[in-house]
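# Architecture at a glance
Residues per chain, in single letters:
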Amino acid sequence: MEVGRFSAPFYWVTRLVLGAAAGVYFRSIDIRHRDRVPRHGPLLVVANHPASFTDVIVLALAVPRRLHFLAMAPIFKPWIRGFALRLCGTLPIYRRSDDPGQMQRNEDTFRACHEFLDRGGAVLIFPEGTSLEDRRIVPIKTGAARIALGQETRPGQEGRLTLQPVGLHFAQRTGFWSDVVVSVGCPIELAPFREQARSDGAGAVRALTEQIQFTLEKLILKLEVDRVALVHAIEELYRDEPGESALGRAQAIAECIEHYARTDPQRVASAFERISRYQARLGELRVRDQTVREMLPPEGRIRERTRLVLLGLLGLLPALAGGALHYLPYRVSGEAGRVTRDPTRVAAYRIGVAVAVFPLAYAILAFWLSRGLGWPAPRVVAALLITAALGLHALLYFNWLSRQRQRIRLVLLKASNRRQVARLRRERRSLIDLCEASMREYSPATPSST
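Helix and strand counts for the chain stand at 15 helices and 7 strands. Taking the principal axes of its C-alpha atoms as reference, the chain extends roughly 75 × 75 × 40 Å. For the chain, the proportion of its 450 residues judged to be buried stands at 45%. For the chain, the share of sequence-separated contacts (at least 6 apart) that also reach a separation of at least 24 residues comes to 73%. Summed over all atoms, the accessible surface of the chain reaches about 23,900 Å², with 59% contributed by carbon and sulfur. Averaging the coordinates of the 64 positive side-chain charges in the chain and doing the same for the 43 negative ones gives two points 8 Å apart.

What follows is the structure in structure tokens.
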């Protein structure tokens, strides 16, 4: 099912372009344990699916192999998108809910997967099937287990396949300049399921499917729906604090909350009420928790404020220039996220539109400089590089300025109403104390094996 000899180069060029766009769109992409991915040999990657096509972009960056990924057949329309997807080596999966009459074509897809794996290739599958949840995994389908066990029974393939679980965690899957954590798990051992399949094929598929689900849930932040808001709120209190990774901290918070939800639900209800009250007060004063956290201590305030003013003044003009040059494509790509109400597709729409409109804006600028002003090619190239640098500076500067504006607002608020700010800081401190005391009490109850 390859589409000509240009398929592999097209994949790597697409990965480079979309990867660069994702690198700008996300504040950070933290890839953990990439060394667990084998560089050679047949590889079947199974991952959770919180953010539609954005998941594919992030996984293509995380896995240092060319990936053939399985996707729902409807996304292959219109034909131009289907052609591009096939050129990247994408394989269609036909679902009963889309067209029951097409289900038999999945045998062709599975056959193509086995052909890739026979040649030592890498296949990516999202066993949830569709992109729905970002804080839990819906019951997964059996396709991944069927492919894995089917590959193990092929002549000369026994014991060669690596079944690699990968967990994706988006701090905010709809937010620009958010953080992503990619957790590469240890390969799932296939030998026990291979042996079971010799006498009970259907049972082996079910058992391996359960193992895949269990493994993926360990790699992500798994939450019950009614606990999501509380975990998010506590995550925000600890955001950018030194120590373990954002995902590791969030998992510890979630496990702690789940423990107390079973053993002391009143404590969870009280914590949620107090945090909600604190968030409401932040909203009334129009400040963010990060601003309260970053309030400067009395010592060193003058020196720090002087430094911030100087930095602000020095960076203002180039930031304004970069912002003006990139305003239109930035707005267009930002508005692209409003086209859909599906939170799983927002990032993909914005990245996809940005990949089109930013090069177009640069092409128009290059044409105007070359034809309109008569600049020679080297000068045009230098101007485009400077424009790109100014755009990156503007992104970093205005994000920094937003945080400083919040700090200035809090300073002015403190000057006019010192009691409100003092109360806000006390509430935050008491919430931190509550969280840390709960974590300390929970730790002894946690088995050391975890």
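Having seen the structure, we can now continue with the description.
Moving on to the packing of helix α1 (residues 7-25) against helix α13 (residues 346-372). Where α1 meets α13, the axes come as close as 10 Å, and the angle between the chain directions of the two elements is 115°. The handedness of the crossing between α1 and α13 comes out as right-handed. Counting all contacts with α1, which are made through V17, L18, A21, A22 and Y25, the residues of α13 involved are A347, R350, I351 and V355. When grouped by side-chain class, the residues that make up the contact of α1 with α13 number 8 nonpolar, no polar and 1 charged.

The next thing to look at is the sheet that holds strand β7 (residues 179-184). In any sheet, the strands associate via hydrogen bonds between backbone groups, in a parallel or an antiparallel arrangement. What the 7 strands build is an open sheet, ordered β1-β7-β6-β2-β5-β3-β4; its pairing is mixed. Looking at strand neighbours, the two that pair on one side only are β1 (28-32) and β4 (91-93), the edges of this open sheet. Across the sheet, the axes of successive neighbouring strands diverge by a mean angle of 25°, strand direction being ignored. Two strands pair when backbone bridges link them, and strand β3 (residues 67-72) and strand β5 (residues 122-125) are joined in this way by 3 bridges, in the parallel orientation. If you follow F69 over to β5, its bridge partner there is L124. Sheet contacts for helix α7 (residues 201-219): β2 (43-47), β6 (162-170) and β7; angle to β6, the most-contacted strand, approximately 40°.

Taken as a whole, the largest pocket encloses approximately 1,800 Å³ of empty space. As for the largest pocket, its lining consists of 50 residues, of which Y25, F176, W177, Y330 and L395 are closest to the centre. Breaking the lining of the largest pocket down by element, the ones donating at least two residues are α1, α8 (228-238), α11 (289-293), α12 (301-336), α13 and α14 (377-416). Residues that form the lining of the largest pocket fall into these classes: 22 nonpolar, 14 polar and 14 charged. What the second largest pocket holds in volume is close to 1,500 Å³. What lines the second largest pocket is a set of 49 residues, and nearest its centre among them are F53, F69, A71, I75 and L85. Put simply, the parts of the chain that give the lining of the second largest pocket at least two residues each are α1, α2 (53-62), β3, α3 (79-87), α4 (106-118), β5, α5 (143-152) and α13. Across the lining of the second largest pocket, the residue classes break down as 28 nonpolar, 13 polar and 8 charged.

Each regular strand displays side chains that alternate between the two surfaces of the sheet. Burial runs high along β2: 5 of the 5 residues are buried. Alternating residues of β2 divide into L43, V45 and A47 and L44 and V46, and every residue in both groups is buried. One ladder, built from 4 bridges, connects β2 with β5; its direction is parallel. Opposite L43, over in β5, you have A122 as the bridge partner.

Attention shifts here to unusual backbone geometry. Cis geometry is found at the peptide bond from K77 to P78, where omega equals 0°. By the secondary structure assignment, P78 is in the loop between β3 and α3. Unlike most non-glycine residues, H33 shows phi in positive territory, near 65°. Mapped onto the secondary structure, H33 falls in the loop between β1 and β2. When its relative accessible area of 38% is taken as the criterion, H33 is described as partly exposed.

With that out of the way, let us pick up α13. In this model α13 runs 37 Å from its N-terminal to its C-terminal C-alpha over 27 residues, within 8% of the 39 Å that 1.5 Å per residue would give. Within the span of α13, buried status applies to V346, A347, A348, R350, I351, A354, V357, L365, A366 and L369. Where α13 terminates, the next one or two residues include G374, which has phi positive at roughly 75°.

Our focus in this paragraph is the confidence of the model for the chain. Residue-level pLDDT values for the chain average 85, and 91% of them are 70 or greater. Averaged over each element, pLDDT in the chain is lowest for α11 (75) and highest for β2 (96).

Conventions adopted
- Numbering of residues begins from 1 in every chain and follows the order in which that chain's sequence is written.
- For a predicted model such as this one, the threshold for reporting local features is a pLDDT of at least 70, and the threshold for listing and counting side-chain atom pairs is 80 or more; totals across whole chains, interfaces and linings nevertheless cover every residue.
- Here the side-chain values reflect all heavy atoms present in the structure, with hydrogen atoms and water set aside.
- Strands here are runs of E lasting at least two residues and helices are runs of H or I lasting at least four, both read from the DSSP assignment and numbered beginning at the N terminus.
- Using a 1.4 Å probe on the protein chains alone, a residue whose accessible area is under 20% of its type maximum counts as buried, one over 50% counts as exposed, and one in between counts as partly exposed.
- Throughout, a contact is declared for two residues whenever any of their heavy atoms are within 4.5 Å.
- Computed with a 1.4 Å probe, the accessible areas rest on the Shrake-Rupley method; for each residue, only the protein chains presented here act as cover.
- Charged residues are defined here as Lys and Arg on the positive side and Asp and Glu on the negative side; His and the ends of the chain fall outside this count.
- All charge positions are set by atom: Lys at NZ, Arg at CZ, Asp at CG, Glu at CD.
- With axes taken as lines fitted to C-alpha atoms, and helix axes fitted only over the stretch in contact, angles between N-to-C directions fall between 0 and 180 degrees.
- In this scheme the crossing of two helices becomes right-handed for a clockwise turn of the near helix relative to the far one and left-handed for an anticlockwise turn of less than a right angle.
- Under the scheme applied, nonpolar residues are Ala, Val, Leu, Ile, Met, Phe, Trp, Tyr, Cys and Pro; charged residues are Asp, Glu, Lys and Arg; polar residues are all the others, including Gly.
- In this analysis, strands are considered paired if DSSP registers two or more bridges between them.
- The method works on a 1 Å grid over the protein atoms by themselves. A cavity is a set of points holding a 1.4 Å probe that cannot get out, a pocket is an open set with protein on both sides within 12 Å along at least five of seven lines, and residues with an atom within 4 Å of a point line them.
- Grid points are joined across faces, edges and corners, and a volume is the space filled by probe spheres set on the points.
- The span one expects for a helix is its residue count, reduced by one, times 1.5 Å.
- You can read pLDDT as the predictor saying how much it trusts each residue, on a scale of 0 to 100.

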